[in-house]
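# Descriptive analysis of the structure
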Amino acid sequence: MKRNETNSFSDLLRIPGLKSIIASSFALGIAFGGYIPLQSLWLESLGRPFNQIGLTNGIVGLGIIISAYFVPRFAKILGITNMILIGLLVAIISASVFRLTENLYLWLMIKFTKGLGLGLHWVLSEAWLIKISPPKIRPKAIAVYAVSMSLGFAGGPAIIWAFGHTTFLPFFCISVVLAITAIPFLFIKKYEPSITLGSKSSPIKLILRFPTVVAACVVAGGIDLAMLSLLPAIVMRSPNADTIIASTIITAMALGTIALQYPIAKLVDFFKPEKISAFVVIFGVAFAALLPFFLNSFYIANGMAFFGAGLIYGLYTLGLTMLSNRVKSRDLVAANAGFVIIFELSNLCGPTVAGILVDFSFQFGFSIFVFLLGLTYAGIYWIRHGSKSS
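In short, a report on the structure. (Residues numbered from 1 in each chain as written. Predicted model: local features only at pLDDT ≥ 70, side-chain atom pairs only at ≥ 80, totals over all residues. Heavy atoms only, no water.)

## Description of the overall build of the protein
Each helix and strand in the protein was counted, giving 15 helices and 0 strands. For the protein, the C-alpha radius of gyration of 20 Å lies close to 21 Å, the compact-globule estimate for 390 residues. For the protein, the spread of C-alpha atoms along the principal axes amounts to about 55 × 50 × 40 Å. Expressed as a percentage of its 390 residues, the buried residues of the protein come to 55%. For the protein, long-range pairs separated by at least 24 residues make up 83% of all intrachain contacts whose partners lie at least 6 apart in sequence. With the model as given, the accessible surface of the protein reaches about 17,100 Å², and the carbon-plus-sulfur share is 71%. Here the protein contributes 28 positive and 13 negative side-chain charges, whose respective centroids are spaced 11 Å apart. (Helix = DSSP H or I, 4+ residues; strand = E, 2+ residues; numbered from the N terminus. Rg over C-alpha atoms; globule rule 2.2 N^0.38 Å. Buried < 20%, exposed > 50% of the residue type's maximum accessible area, 1.4 Å probe, protein only. Contact = heavy atoms within 4.5 Å. Areas by Shrake-Rupley, 256 points an atom, 1.4 Å probe, with all protein chains shown as cover. Lys, Arg positive; Asp, Glu negative; His and termini not counted. Charge placed at Lys NZ, Arg CZ, Asp CG, Glu CD.)

## Focus: the environment of Pro-273
With respect to the secondary-structure elements, Pro-273 resides in helix α12 (residues 273-290). Along the chain, Pro-273 and Gly-221 lie 52 residues apart, while their C-alpha atoms are 18 Å from each other. Beyond its immediate stretch of four places on either side in the chain, Pro-273 contacts Val-268, Leu-318, Thr-321, Met-322 and Asn-325.

## Description of the side chain of Ser-346
Here Ser-346 shows up in helix α14 (residues 332-360). Side-chain polar atoms of Ser-346 contact the backbone oxygen of Ile-342, separated by 2.8 Å. Setting aside chain neighbours within four positions, we find Ser-346 in contact with Cys-217, Val-218, Gly-221, Gly-222 and Pro-351. (Polar contact = N/O pair within 3.5 Å; in protein donor to acceptor, adjacent residues only side chain to side chain.)

## Topic: helix α13 (residues 298-326)
Spanning 29 residues, α13 covers 42 Å between terminal C-alpha atoms, matching the ideal 42 Å at 1.5 Å per step. Most of α13 is tucked away, with 21 of its 29 residues classed as buried. (Expected span 1.5 Å × (residues − 1).)

## Structural notes on the environment of His-121
Along the chain, the position of His-121 falls in helix α5 (residues 104-132). Each C-alpha atom of the pair His-121 and Val-71 lies 9.9 Å from the other, and the pair is 50 residues apart in sequence. Once residues within four sequence positions are removed from consideration, His-121 is found in contact with Ser-24, Leu-28, Ile-84, Leu-88, Glu-126, Thr-181 and Phe-185.

## Focus on the environment of Ser-367
Tracing the sequence through the fold places Ser-367 in helix α15 (residues 365-386). Separated by 13 residues in sequence, Ser-367 and Ala-354 have C-alpha atoms that sit 8.9 Å apart. If near-sequence neighbours (up to four positions away) are discounted, Ser-367 is found in contact with Ala-289, Pro-292 and Phe-293.

## Quick word on helix α2 (residues 18-45)
Spanning 28 residues, α2 covers 41 Å between terminal C-alpha atoms, matching the ideal 40 Å at 1.5 Å per step. Trailing α2 by a residue or two, Gly-47 shows a phi angle of about 80°, which is positive.

## Digging into the pattern of salt bridges
Under the criterion given, the structure shown has 4 salt bridges. Its salt-bridge partner being Lys-140, residue Asp-269 comes within 2.8 Å of it at the nearest N-O pair. Residue Asp-269 is found in the loop between α11 (245-266) and α12, and its partner Lys-140 is found in helix α6 (residues 138-155); the two are separated by 129 residues along the sequence. Its salt-bridge partner being Lys-189, residue Glu-192 comes within 3.8 Å of it at the nearest N-O pair. Here the residues in one salt-bridge network are Lys-140, Lys-266 and Asp-269, joined through shared partners. (Salt bridge = Lys/Arg side-chain N within 4 Å of Asp/Glu carboxyl O.)

## Structural notes on the packing of α13 against α14
Packed helices, taken two at a time, are described by the angle their axes make and the gap between the axes. At a minimum axis distance of 10 Å, the contact between α13 and α14 shows a crossing angle of 155°. Judged on the interaxial angle alone, α14 and α13 are roughly antiparallel. At the point where α13 passes α14, the crossing takes the right-handed sense. On α14, the residues touching Tyr-313, Tyr-316, Gly-319, Leu-320, Leu-323 and Ser-324 of α13 are Leu-332, Ala-335, Asn-336, Phe-339 and Phe-343. (Axes fitted to C-alpha atoms, helices over the stretch in contact; angles between N-to-C directions. Parallel < 35°, antiparallel > 145°, perpendicular 65-115°, else oblique. Left-handed = near helix turned anticlockwise from the far one by under 90°.)

## Describing the packing of aromatic side chains
How two aromatic rings sit relative to each other is set out by the distance from centre to centre and by the angle between their planes. Under the counting rule described, the total for this entry stands at 19 aromatic pairs. Between Tyr-35 and Phe-171, the aromatic rings sit 5.9 Å apart at their centres with planes inclined by 90°, giving edge-to-face as the arrangement. Of this pair, Tyr-35 sits in helix α2 while Phe-171 sits in helix α8 (residues 169-187); the two residues are 136 residues apart in sequence, bridging distant segments of the chain. Between Phe-98 and Trp-107, the aromatic rings sit 5.5 Å apart at their centres with planes inclined by 25°, giving stacked as the arrangement. Each member of the pair, Phe-98 together with Trp-107, is buried. Of note, Lys-111 hangs over the ring of Phe-98, and the distance from its end group to the ring centre comes to 5.4 Å. The residue whose ring lies beneath Lys-114 is Tyr-35, and the NZ or CZ to ring-centre distance is 3.1 Å. (Phe/Tyr/Trp six-rings, centres within 6.5 Å; stacked < 30°, edge-to-face > 60°. Lys NZ or Arg CZ within 6 Å of the ring centre and 35° of its normal.)

## Re the side chain of Thr-321
In this fold, Thr-321 is placed in helix α13. For Thr-321, a relative accessible area of 1% translates into the label buried. In contact with Thr-321, not counting residues within four places along its chain, are Pro-139, Ile-142 and Pro-273.

## Considering the packing of α6 against α13
For the pair α6 and α13, interaxial distance at closest approach is 9 Å and the crossing angle is 140°. With respect to their mutual orientation, α6 and α13 come out oblique. The way α6 lies across α13 gives a crossing that is right-handed. Across the interface between the two elements, Arg-138, Pro-139, Ile-142, Ala-143 and Ala-146 from α6 touch Tyr-313, Thr-317, Leu-320, Thr-321, Ser-324 and Asn-325 from α13. Tallied by class, the residues present in the contact of α6 with α13 amount to 6 nonpolar, 4 polar and 1 charged. (Nonpolar A, V, L, I, M, F, W, Y, C, P; charged D, E, K, R; others polar.)

Read these as layout, nothing more, since geometry by itself doesn't imply function.
If you want it as structure tokens, here you go:
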């Protein structure tokens, strides 16, 4: 078989600007991975209740959603690079200022503002990546982007190990990392793709034109964060569980996310992403839904977490691939903004709904939540595939 002209990993790295975007996403992952536990540990050391800790983390998602909604218009006026740098500047300031007050309402304002800034980087860096990647190599580019972010996220807690969580220093270090995140974009401004706004629809209306993509985004965002948020607690409260799993299951999930993204993207060379997504959902949902029943086995539970999380998050890569194949270039920024909005809404709602179901039935609640989301995707996929419009 003749090798496609732009279909190898080396060709991927030769795309102008792509390595800088990947490097920036890695640094941003470090900042995310360090800041989330850092903030939680500091608030816990102050004796703040868990609802305040959760609220100050959740408000970032609201900022990202609002930022994503308006970013296409502002990026058209100011340019992608300028908007990314403005967003990172806002995040840099917010990361350090948060430590200088102990007022809940100021915390919420600061974290909301930080979400606005991070949303600019998220939407525009992804849209940039998609626009400069040829269709044949795009799934791999998205996968490498996701892997780099995950690797950074996994390394973020090292900041806490090195500097603790009670002083100003680790918060300042996060700000420094966010500043480093901005550096790659200073060198690739000349490669910045132009923005044309074709559709006058809002990002949400635009993304809703593609139900299969929306379903993939909902499953990825809802199940992934529900696993991260609830599984350690489920382990600790399960009478027959091996409690050491509570401290290893998140690592297993992170490793699965890192290991499986590129192989999943590689399959797009041979099959349509829609068909791959169906198999990913079947097996990802099976691993995630059955996991709570094997918490008495260290190896089985961590293995299922590895494959469950890795496959489920693969829907993010596949969802973006499907979206980029379906929208016109002029609608790409707005469509990606809609994708981020749906993903963040799923992040906000998924753990809450899953938690309610676990409270209702500790033994079966989490599995029911995962199964219902998987069944929803299967139904939408079947309808769209059957009508030849997926």
